[in-house]
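# Observations on the three-dimensional arrangement
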Amino acid sequence: MTLDTVDKAKDDSKDGAWLQDGPVGAHTFGQPYAELGLKDDEYQRIVTILDRRPTSSELAMYSVMWSEHCSYKSSKVHLRQFGEKAPASDAMLVGIGENAGVVDVGQGYAVTFKVESHNHPSYVEPYQGAATGIGGIVRDILAMGARPVAVMDPLRFGAADHPDTRRVLPGVVAGIGGYGNCLGLPNIGGEVVFDPCYQGNPLVNALCVGVMKHEDIHLAKASGTGNLVILYGARTGGDGIGGVSVLASETFDADGPAKRPAVQVGDPFQEKLLIECTLEVFAEDLVTGIQDLGGAGLSCATSELASAGSGGMRVDLDKVPLRDATLAPEEILMSESQERMCAIVEPAKVERFLEICAKWDVIATVIGEVTDGDRLEIFWHDEQIVDVPPRTVAHEGPVYERPFARPDWQDALQADGAESLPRPANAEELRATLLRVVGSPNLADKSWITDQYDRYVLGNTVLAQPEDAGMVRVDEDTNLGVAVSTDGNGRFCKLDPYAGAQLALAEAYRNVATTGARPLAVTDCLNFGSPEDPGVMWQFAEATKGLADACQVLGTPVTGGNVSFYNQTGEVAIHPTPVVGVLGVIDDVTRRTPIGFREEGQIILLLGD
Amino acid sequence: MARVVVDVMLKPEILDPQGQAVQRALPRLGFAGISDVRQGKRFELEVEGPVDDAALARIREAAETFLANTVIEDFTVRVEDQ
Amino acid sequence: MARVVVDVMLKPEILDPQGQAVQRALPRLGFAGISDVRQGKRFELEVEGPVDDAALARIREAAETFLANTVIEDFTVRVEDQ
Amino acid sequence: MTTRIGVVTFPGSLDDRDAQRAVRLAGAEPVALWHGDKDLRGVDGVVLPGGFSYGDYLRCGAIARFSPVMEALIAEAKAGLPVLGICNGFQILCESHLLPGALTRNDHLHFICRDQKLRIENADTAWTGDFAQGQEIVVPLKNGEGGYVADERTLDMLEAEGRVIARYLDVNPNGSRRDIAGITNEAGNVVGLMPHPEHAVEPLTGPTTDGLGFFTSVLKKLVDA
Ligand SMILES: Nc1ncnc2c1ncn2[C@@H]1O[C@H](COP(=O)(O)OP(=O)(O)O)[C@@H](O)[C@H]1O
């Protein structure tokens, strides 16, 4: 194995007069950046930032961190509106940019919530894809300092009778249940929608809600020179490395590395231990900064912690506990092994931190420290393999102003109104229509799914399926509570993405309001096709504008969310599907309003027109 | 009647939380010296008629498409002498 | 390093809903001629040191007290040639 | 003196705080017990709560059964300490052989969460004394491996000795033999129950408050004793 170290990269760059040679070609330094998904100009930019050829580990880090998934490079310019147009809100304690937004719900409590997608993994391996989707969002919430208290799962599948739906749906539902039930988080709502446009691109979105006291809020930043970086949780394996094995294979001899699985397997038991252990170290005030490991694994956690903090960071990568001893450093940096967290801890508190981890049977290892420089430096058996300014990896990636254009079929689609549909002409036809509506999988009772989810655990579930919104009690003495609903309608959005996104928000807002809770904040998961398609980009631009405008009017800021692009098969994209989650607060959960008539003689009023 | 056994194991590179939990428990119960445990599934199929190459090929296909999830699992098929 | 395999199957008189579900699904998927399916567990233990009679006896004890629940399950232990 | 009921937390226990709440609402003092301690801290009774101890890996309850706390508990249970195992707790009691039989995968192979109707078949145990024989109650049920199995001889023995303490009504949700939802040991101090009474203790969060009866029963029994 030949190590690609920083010194070597420097030497290489000296003898090549590449800076004068104009654009760097794919083979200038023989680096497989195209295979890693980097464009020519992106690679050029890395070379400019470092003023030398990147090492293979640096290249790996930049390539994953600058991917669409991690950098939001196509969506960033549009997402900015959520901040710019955000209504003044006293409730917002932490906004967009952190792992999840945090909202003040009174009585000293803060609530954090966020919805995320795990669409592509769930298509490849439905059970594990959906399970690790729950695992990932729960760690995001945990990383804010909160105890996770509930989950929800907005889902979209292809036609109900399509053979692939039969493969995907049971796996997804079992995975969400298998992981969420085992974590002991009540599932308090979600959606199930069938539409042929999601065949080949099912949407598996997962939402988690967490509760903490104001003083418990934690942020993902590494500060305080000399503080230690502790990696804890599962051992690192070769999971989810994907394209990076291209790099790794370069560093192996002819036999090549074992095939690295793109699929990650979740271990909810390990995550449950991670939750209890993390809450205990929070309670003893042992943590300065914390970050969960999700997409892009250690690359993301180390660069984000260092970037957001003051000072630099030094990491000894060979200290990372491995499940597979053959992993190369690039692979360790990229591994998406689940159920891991990274904490920044003062030296005096390390011993106690490790004790608590041991109590919960959680492996914890000091892998580095916060330095007084401004570089992220990573070593492999004392050889330096990464030396980068962390901001350039984590927060200053490329930003694209992708071209967008209203699709030429949009007018025809909008002109094709419901008036032209055949109407039932007699009682018989009306009956048939009604039966079809009632029997449609989209309207049918969902308990065949929701009965596979535990809605009772933790003993604070006030409303769950089949209510309009889920509601949980936050304080047993005062009966303070929160309500959450998620909604989205891809068909409306396809017709008019601007209005469609607003309708999704309005629906979730109403669902929360009708329970008696006061809507406070919004999270969203924006599921779209390829951003490289100007038509899709137009849908995205319209939907984000619609949502930002509506949030301004309703006074509910967007506190966080997630973008999922490339939900398409060949040239055909899914319907634009922004899923909107609204969180509300209710001062006394005993005064909630459930759906349905409770007593005889109640009066029915219709509001609106 | 013949018995065909299909063993399905997680691929070596895939995390096996069950096997790990068992391995961690063994020393606590006083069983030392086990360096790794993997847990998989064993299917015993009772086959009507002769288990010839054609029948085995069919069972292999059933294992590949149904009994194992080849995204994360490997399998072996063998006839068991009874 | 040697591998010892412990197979654990539900006792014949105990209902095996997983095996039954597999058996019912097979004909639907076009695999006929399987009259019964039982689904059990397979443990692969990597043993440090020699697998002599003493080691095997220990593993048998671990299977009996831990890997199998003998109220409802039977088990077999064997050394696998690698 | 208040009655102290221990609730054991194993790694992966989920309903431990709920069980503590139920104990408190019933008027006793909940005492948190840790799986790694050999000490039961002098409690008057113990609840083994629901959850996925050790992820339910290997078999539900199989790994938890070997926890240090179980050593102490098995000895004291045999000496008469009231013990209630709920769901995962029931599985642990069977794995420990404090109760006969075993719990297996639901016959329909899915996890199921539903409000379940039960009939109390034995109102003489430490945990059912506050119910009337034949009383029908509704409490949540949620499990993936809740099918009670035992050989015919054991089942006949349980029936003959009145050791089936609760039976599923209307729907058998998991394929349990003879609709068995819960059983007791011979002495009536150790009870295992698949459904979750601790989730039916408040009108706000449960379908009923029928579950409280299990926790008040043991309280009364201990106070009377
Ligand atoms: N995937 C899911 N997970 C959890 N709850 C769900 C899911 N799908 C639907 N639900 C719940 O089932 C109930 C009925 O859903 P639905 O028929 O979509 O109602 P509505 O049309 O009123 O939104 C709601 O409470 C909803 O939250």
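Residues numbered from 1 in each chain as written. Chains lettered and ligands numbered in written order. Predicted model: local features only at pLDDT ≥ 70, side-chain atom pairs only at ≥ 80, totals over all residues. Heavy atoms only, no water.

Looking at an unreviewed UniProt entry, one finds chain D named Phosphoribosylformylglycinamidine synthase subunit PurQ, with Yinghuangia aomiensis as its source organism. The UniProt entry for chain D carries the following comment under Subcellular location (unreviewed entry): "Cytoplasm". (UniProt positions renumbered as here; feature names shortened; annotations may be inferred.)

## A few points about the interface of chain B and chain D
On the side of chain D, five residues touch chain B, which itself brings eight residues to the contact. Summed over both partners, the interface of chain B with chain D comes to about 570 Å²; 72% of that surface belongs to carbon and sulfur atoms. The three residues of chain B that bury the most area against chain D are Q18(B), R28(B) and L29(B), which together make up 50% of that side's buried surface. On inspection of chain B and its partner chain D, the count reaches zero salt bridges. Here chain B and chain D share one residue pair in polar contact (both at pLDDT 80 or more) between them. Of the residues forming the side of chain B that touches chain D, the biggest block, six residues, is contributed by helix α1 (residues 17-28) of chain B. Among the residues making up the side of chain B that touches chain D, the classes are represented as five nonpolar, two polar and one charged. (Contact = heavy atoms within 4.5 Å. Buried area = accessible area lost by both parts, 1.4 Å probe. Salt bridge = Lys/Arg side-chain N within 4 Å of Asp/Glu carboxyl O. Polar contact = N/O pair within 3.5 Å; in protein donor to acceptor, adjacent residues only side chain to side chain. Helix = DSSP H or I, 4+ residues; strand = E, 2+ residues; numbered from the N terminus. Nonpolar A, V, L, I, M, F, W, Y, C, P; charged D, E, K, R; others polar.)

## A closer look at the UniProt feature "active site" (unreviewed entry) in chain D
Residues and elements named next belong to chain D. UniProt annotation of "active site" (unreviewed entry) refers to C87, H196 and E198 when read in the numbering used here. What stands out for the annotated residues spanning 112 residues is how close their C-alpha atoms remain, the widest pair being 10.9 Å apart. Inspection of the secondary structure assignment puts C87 in the loop between β4 (83-86) and α3 (88-95). Taking the relative accessible area as the measure of exposure, C87 reaches 7% and is therefore buried. The residues contacting C87, other than those within four sequence positions of it, are G50, K142, N143, L193, M194 and H196. As for its position among the elements, H196 is in the loop between β11 (190-193) and α5 (212-224). In this view, H196 contacts D15, G50, I86, C87, V139, P140 and K142; residues no more than four positions away in its chain are not counted. (Buried < 20%, exposed > 50% of the residue type's maximum accessible area, 1.4 Å probe, protein only.)

## Describing the nonpolar core
A general trend in soluble globular proteins is that nonpolar side chains are found buried together. Core analysis: the largest hydrophobic core is formed by 149 residues, its most contacted members being Y232(A), F353(A), L48(D), Y148(D) and F214(D). Beyond its immediate sequence surroundings of up to four residues, F353(A) is in contact with I230(A), Y232(A), V281(A), L286(A), V287(A), A343(A) and V345(A). Judged by nonpolar contacts, the second largest core, of 47 residues, contains W66(A), A306(A), L317(A) and I367(A). (Core = buried A, V, L, I, M, F, W, Y, C linked by side-chain atoms within 4.5 Å.)

## Structural notes on the environment of A301(A)
All names here are of chain A. Mapped onto the secondary structure, A301 falls in helix α11 (residues 297-308). According to the relative accessible area criterion, A301 is buried, its value standing at 0%. Sequence spacing of A301 and I290 is 11 residues, and the spatial spacing of their C-alpha atoms is 8.8 Å. If we ignore the near neighbours within four places in the chain, the residues touching A301 are Q291, D292, L293 and C342.

## What to know about helix α2 (residues 68-78) of chain D
Residue and element names in this part refer to chain D. Three or more residues of α2 are buried, namely V69, M70, A72, L73, I74 and A77. Looking at the buried residues of α2, the elements they touch are β1 (4-9), β2 (29-34), β3 (45-48), β4, α3 and β11. G80 occupies a position one or two residues after α2 and carries a positive phi of about 115 degrees.

## A word on the site of the ligand
All names here are of chain A. Around the ligand sit 14 residues in total, of which D153, G189, G190, K446 and E467 are the nearest. One of the backbone nitrogen or oxygen atoms of G190 is found 3.1 Å away from an oxygen atom of the ligand. One of the side-chain nitrogen or oxygen atoms of Q465 is found 3.5 Å away from a nitrogen atom of the ligand. Starting from 550 Å² of accessible surface for the ligand in isolation, the protein chains cover 77%. Going through the elements one at a time, β4 (147-157) and β5 (187-194) are the ones with two or more residues in the shell around the ligand. If you tally residues by element for the shell around the ligand, the top one is β5, at five residues. Of the residues contributing to the shell around the ligand, the split by class is four nonpolar, five polar and five charged. (Near = heavy atom within 4 Å. Areas by Shrake-Rupley, 256 points an atom, 1.4 Å probe, with all protein chains shown as cover.)

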